[in-house]
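# What the coordinates show
Single-letter residue listing:
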Amino acid sequence: MKHRLTLDYALGRGVLAPYLDALIEGVALAGHCPHCGRTSFPPERRCRCTQGGGDDTAPGWVRLTGQAHILFRTDGLAGSFALAQFDGADNQTVCRIANPPGNGSEARLVASDDGKPGIVVEITGETIETTE
Ligand SMILES: [Zn+2]
């Protein structure tokens, strides 16, 4: 059974505008909680330390190096994707791999190739060890 789903809508950028603009340029701009120091990339609208009530102070921004470690990877007809941990971030994120033939556990954020914000990485080195 095959279905095609087309969505046509516009999303407001809101408080994430600095993060989204940076992504287009290939810059990793992370959210930084002024209360507990947690750094999140992608940024979290509200830090864990304030969820459930209390202070709703907007996060500050901190620029990361853009270097990331690939934790898991999957390759398919729709592209190659990975779960990555960016250096300096306390959370992990899913990203698209720009150079699928690259086989390594280290990567860096690159500018999106379509002018739209997206977390796109390029594999830079150190072959992932596999057991066969
Ligand atoms: Zn916090």
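Residues numbered from 1 in each chain as written. Predicted model: local features only at pLDDT ≥ 70, side-chain atom pairs only at ≥ 80, totals over all residues.

### As for the overall build of the protein
Counting its secondary structure elements, the protein contains one helix and eight strands. Element order for the protein, N to C, with α for helix and β for strand: α-β-β-β-β-β-β-β-β. Within the span of the protein, comprising 132 residues, buried residues form 21% of the whole. (Helix = DSSP H or I, 4+ residues; strand = E, 2+ residues; numbered from the N terminus. Buried ≥ 20, exposed ≤ 12 C-beta atoms within 10 Å, placed from the backbone.)

### So, the sheet that holds strand β5 (residues 79-86)
Strand pairing in a sheet is mediated by backbone hydrogen bonds. Such pairs are either parallel or antiparallel. Pairing is mixed in the closed barrel, where five strands are placed in the order β4-β5-β6-β8-β7. Ignoring which end each strand starts from, the neighbouring axes of this sheet average 55° apart. Of the strand pairs in this sheet, β5 and strand β6 (residues 93-97) are connected by four bridges, and their pairing is antiparallel. Residue pairing for β6: Leu83 is matched across the bridge by Val94. (Pairing = 2+ DSSP bridges. Axes fitted to C-alpha atoms, helices over the stretch in contact; angles between N-to-C directions.)

### Looking at the sheet that holds strand β1 (residues 29-32)
Pairing is antiparallel in the open sheet, where three strands are placed in the order β2-β1-β3. In this open sheet, the two strands that pair with only one neighbour each are β2 (39-40) and β3 (60-63). Of the strand pairs in this sheet, β1 and β3 are connected by four bridges, and their pairing is antiparallel. In the sheet register, His32 faces β3, and the bridge partner there is Gly60.

### Concerning the pairing of β6
Linking two consecutive strands that pair antiparallel, namely β5 and β6, is a turn of six residues; a positive phi of about 95° is found at Gly88 within it. Relative to strand β8 (residues 120-125), β6 is paired through two bridges, and the arrangement is parallel. Bridge pairing in β8 places Ile97 opposite Val121.

### Section: the nonpolar core
One finds Ala28, Ala68, Ala82, Ala84, Phe86, Ala107 and Val121 to be the most contacted residues of the largest nonpolar core, which totals 19 residues. Going through the elements one at a time, α1 (17-25), β1, β4 (67-76), β5, β6, β7 (106-110) and β8 are the ones with two or more residues in this core. Per-element tally for this core: the top contributor is β5, with three residues. The residues contacting Ala28, other than those within four sequence positions of it, are Phe41, Arg63, Leu64, Gly66, Phe86 and Leu109. (Core = buried A, V, L, I, M, F, W, Y, C linked by C-beta atoms within 7 Å. Contact = placed C-beta atoms within 7 Å.)

### Digging into the environment of Thr65
As for its position among the elements, Thr65 is in the loop between β3 and β4. Judged by local crowding, Thr65 falls into the exposed class, with 11 C-beta atoms found within 10 Å.

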